[in-house]
Amino acid sequence: MFYAYVLKSLNHDYLYKGHCEDLDSRLRQHNTGMTKSLVPYIPFKIIYYEAFETVAEAVAREKYLKTAAGRRFLKTKVKDLL
């Protein structure tokens, strides 16, 4: 399975959207600073994810979540977590 996911910084008003094959491993990578551009926003928690059969589907969903329509969608899905 492949996943499109949204992380929320616990200390900042910042959301990160991405895709991966292993959610737990990817969250650990983000929270240990392996993604250098995200270091100022550590720690993160997963607030939303969707599973897909192919990496292409996960990438397409990630791209959608980064659009204005995707941001509106997320506000309705995870409004209590934002």
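Before any of the text, the structure's been laid out above.
Peer 1: An account of the overall build of the chain is needed here, citing residue identities and associated values.
Peer 2: When you go through the chain residue by residue, the secondary structure sums to three helices and three strands. Reading the helices (α) and strands (β) of the chain from amino to carboxyl end gives β-β-α-β-α-α. Its C-alpha atoms give the chain a radius of gyration of 12 Å, within 12% of the compact-globule value 12 Å for 82 residues. Once the C-alpha set of the chain is aligned to its principal axes, its extents read approximately 30 × 25 × 20 Å. If you sum the accessible surface of the chain, you get close to 5100 Å²; carbon and sulfur atoms cover 53% of it. Averaging the coordinates of the 14 positive side-chain charges in the chain and doing the same for the 9 negative ones gives two points 9 Å apart.

Peer 1: Outline the pattern of salt bridges, supporting the account with residue identities and numerical values.
Peer 2: Per the counting criterion, the structure on display carries two salt bridges. Arg-61 is paired through a salt bridge with Glu-50; the nearest N and O atoms lie 3.0 Å apart. A residue pair is termed long-range when its members are at least 10 positions apart, and Arg-61 in helix H2 (residues 55-65) and Glu-50 in strand S3 (residues 44-52) qualify at eleven residues.

Peer 1: Can you break down helix H1 (residues 23-31) residue by residue, with the values?
Peer 2: Sitting at the amino-terminal end of H1 is Asp-22, which places a side-chain oxygen 3.2 Å from the backbone nitrogen of Asp-24. Of the residues one or two after H1, Gly-33 is the one with positive phi, at around 85°.

Peer 1: Any details on the packing of H2 against helix H3 (residues 68-77)? Residues and values, ideally.
Peer 2: Packing of H2 against H3 brings their axes to within 6 Å, and their N-to-C directions diverge by 85°. One finds that H2 runs roughly perpendicular with respect to H3. Contacts from Arg-61, Tyr-64 and Leu-65 in H2 reach Ala-69, Gly-70, Arg-71, Phe-73 and Leu-74 in H3. Residues of the contact of H2 with H3, tallied by class, amount to five nonpolar, one polar and two charged.

Peer 1: Could you give an account of H3, with specific residues and numbers?
Peer 2: For H3, every residue scored as buried is listed here: Gly-70, Phe-73 and Leu-74. For H3, the arc enclosing every buried residue in end-on projection is 100°, short of the 170-degree limit, so these residues lie on one face. Within H3, the exposed residues directed more than 90 degrees away from the buried face are Arg-72, Lys-75 and Thr-76. Turning to H3, the residues buried within the fold contact strand S1 (2-9), strand S2 (15-20), S3 and H2.

So, how was this worked out
- Residues numbered from 1 in each chain as written.
- Predicted model: local features only at pLDDT ≥ 70, side-chain atom pairs only at ≥ 80, totals over all residues.
- Heavy atoms only, no water.
- Helix = DSSP H or I, 4+ residues; strand = E, 2+ residues; numbered from the N terminus.
- Rg over C-alpha atoms; globule rule 2.2 N^0.38 Å.
- Areas by Shrake-Rupley, 256 points an atom, 1.4 Å probe, with all protein chains shown as cover.
- Lys, Arg positive; Asp, Glu negative; His and termini not counted.
- Charge placed at Lys NZ, Arg CZ, Asp CG, Glu CD.
- Salt bridge = Lys/Arg side-chain N within 4 Å of Asp/Glu carboxyl O.
- Polar contact = N/O pair within 3.5 Å; in protein donor to acceptor, adjacent residues only side chain to side chain.
- Axes fitted to C-alpha atoms, helices over the stretch in contact; angles between N-to-C directions.
- Parallel < 35°, antiparallel > 145°, perpendicular 65-115°, else oblique.
- Contact = heavy atoms within 4.5 Å.
- Nonpolar A, V, L, I, M, F, W, Y, C, P; charged D, E, K, R; others polar.
- Buried < 20%, exposed > 50% of the residue type's maximum accessible area, 1.4 Å probe, protein only.
- Arc of directions from axis to C-beta.

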